[in-house]
Amino acid sequence: MKPRHHLYLDDELTAELEHLASKPGASKSAIVTAALRQYIKGGGEDQRDEALRNRLDRMSRQMGKLASDVDLIIQSQSQHVWLHLLLTAHVPGPDEAERRTALQRYEKYTKSVADALAKHTSPVAPDDSHRLQS
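Just so it is clear, the structure is predicted and the values come from calculations on it, not from any experiment. Here the residue numbering is sequential within each chain, running from 1 through the sequence in written order. Per-residue local features of the predicted model are confined to residues with pLDDT of at least 70, and side-chain atom pairs are confined, for both listing and counting, to 80 or more; whole-chain, interface and lining totals are unaffected and use all residues. Side-chain calculation: all heavy atoms of the structure are included, whereas hydrogens and water are not.

### Some details on the packing of helix H1 (residues 11–21) against helix H2 (residues 28–41)
Move 1: Running from N to C, H1 and H2 cross one another at 115°; their axes reach a closest spacing of 9 Å. If you check the angle between H1 and H2, you find them roughly perpendicular. Here H1 runs over H2; the crossing is right-handed. Within the contact between the two elements, H1 uses Leu17, Glu18, Leu20 and Ala21 and H2 uses Lys28, Ile31 and Val32.
Move 2: Ten residues, namely Ala, Val, Leu, Ile, Met, Phe, Trp, Tyr, Cys and Pro, are considered nonpolar, four, namely Asp, Glu, Lys and Arg, are considered charged, and the remaining ones, Gly among them, are considered polar. Per-class residue counts for the contact of H1 with H2 are five nonpolar, no polar and two charged. As a rule, the C-alpha atoms of each element are fitted with a line to give its axis, helices using only the stretch in contact, and angles between N-to-C directions run from 0 to 180 degrees. A run of H or I in DSSP counts as a helix once it spans at least four residues, and a run of E counts as a strand once it spans at least two, with each numbered from the N terminus. Each angle is binned into one of four classes, with values under 35 degrees roughly parallel, values over 145 roughly antiparallel, values of 65 to 115 roughly perpendicular, and all other values oblique. The crossing is said to be left-handed when, going from far helix to near helix, the turn is anticlockwise and less than a right angle, and right-handed when the turn is clockwise. We call two residues in contact when some of their heavy atoms are within 4.5 Å.

### Focus: helix H4 (residues 96–119)
Move 1: Any helix carries an expected span of 1.5 Å times its number of residues minus one. Helix length check: H4 (24 residues) gives 35 Å between terminal C-alpha atoms against 34 Å at 1.5 Å per residue, within 8%.
Move 2: With a 1.4 Å probe rolled over the protein chains alone, any residue whose accessible area is under 20% of its type maximum counts as buried; one over 50% counts as exposed, and the rest are partly exposed. Burial in H4 covers these residues: Ala102, Tyr109, Ser112, Val113 and Ala116.
Move 3: Where H4 ends, the next residue or the one after it, histidine 120, has phi of about 55°, a positive value.

### Regarding the pattern of salt bridges
Move 1: Salt bridge, as used here: a side-chain nitrogen of Lys or Arg that lies within 4 Å of a carboxyl oxygen of Asp or Glu. Under the criterion given, the structure shown has four salt bridges.
Move 2: With a closest N to O distance of 3.7 Å, lysine 28 and glutamate 18 form a salt bridge. Separated by 10 residues along the polypeptide, lysine 28 in helix H2 and glutamate 18 in helix H1 bring together distant segments of the chain.
Move 3: Given the relative accessible area of 41%, lysine 28 is considered partly exposed.
Move 4: The residue aspartate 69 makes a salt bridge to lysine 65 at a minimum N-O spacing of 3.0 Å. Placement of the pair is aspartate 69 and lysine 65 together in helix H3 (residues 43–87), with a separation of four residues, close to one helical turn.

### What to know about a negative patch on the surface
Move 1: Taken together, Asp10, Asp11, Glu12 and Glu16 make up a surface patch of like negative charges.
Move 2: Looking at the secondary structure, you find glutamate 16 in helix H1. A patch consists of residues whose relative accessible area exceeds 30% and which take part in no salt bridge; residues with like charges are grouped when within 9 Å of each other, and nonpolar side chains (Val, Leu, Ile, Met, Phe, Trp, Tyr) when within 5 Å. Each accessible area value is a Shrake-Rupley result obtained with a 1.4 Å probe; residue values ignore everything except the protein chains displayed when judging cover. Only four residue types enter the tally: Lys and Arg on the positive side, Asp and Glu on the negative side; His and the chain ends are excluded. Every charge is mapped to an atom, namely NZ of Lys, CZ of Arg, CG of Asp or CD of Glu.

### A word on the packing of aromatic side chains
Move 1: Side-chain rings of Phe, Tyr and Trp (the six-membered ring for Trp) are treated as a pair once their centres are within 6.5 Å; stacked means planes under 30 degrees apart, edge-to-face means over 60, and tilted covers the remaining angles. Under the definition given, this model contains one aromatic pair.
Move 2: Arranged with centres 6.3 Å apart and planes meeting at 40°, the rings of tyrosine 106 and tyrosine 109 form a pair that is tilted. Here tyrosine 109 and tyrosine 106 lie together in helix H4, a separation of three residues that amounts to about one turn.
Move 3: For tyrosine 106, a relative accessible area of 44% corresponds to the partly exposed category.
Move 4: Under the relative-accessibility criterion, tyrosine 109 is labelled buried at 12%.

### Here we look at the confidence of the model for the chain
Move 1: For the chain, the mean per-residue pLDDT works out to 81, and 84% of the residues sit at or above 70.
Move 2: Ranking the elements of the chain by mean pLDDT puts strand S2 (residues 128–132) last, at 48, and H1 first, at 92.
Move 3: Residue-level confidence of the predictor, termed pLDDT, takes values from 0 up to 100. Note on residues 129–134: pLDDT under 50 across the span, and 16 contacts to partners over four residues away in sequence or across chains.

### A closer look at a nonpolar patch on the surface
Move 1: A surface patch of nonpolar side chains, about 390 Å² in accessible area, is lined by Met63, Leu66, Val70 and Ile74.
Move 2: Tracing the sequence through the fold places valine 70 in helix H3.
Move 3: A relative accessible area of 41% means that valine 70 is categorised as partly exposed.

This is how it looks when you write it as structure tokens:
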């Protein structure tokens, strides 16, 4: 024989319990028993907490990568602007030697940015933030 318990529930919880118990094959006793078992074992909260923790960890890693990518874009753009200002600072038009130098610098710039993107590192040398890495 199962022991009988007397419980007091508020009106809202009583209405929800009655609604759940009105479905075919459900009873108030079965619903309350299942809810108590889950509560006592703590599985429900622990599983939700673990799932939430994993999702937050994943989001943190994604935000870190995003911040790293944005930093790389900003640094690459600053290199581009610096190189552009350097090359356009001459009032007279550049001669052939200056054009070759500009092309070499541009190729060095694009290689530096491509390498940094492939390695997820900064294309800027830590000691000289406005020049391309060698």
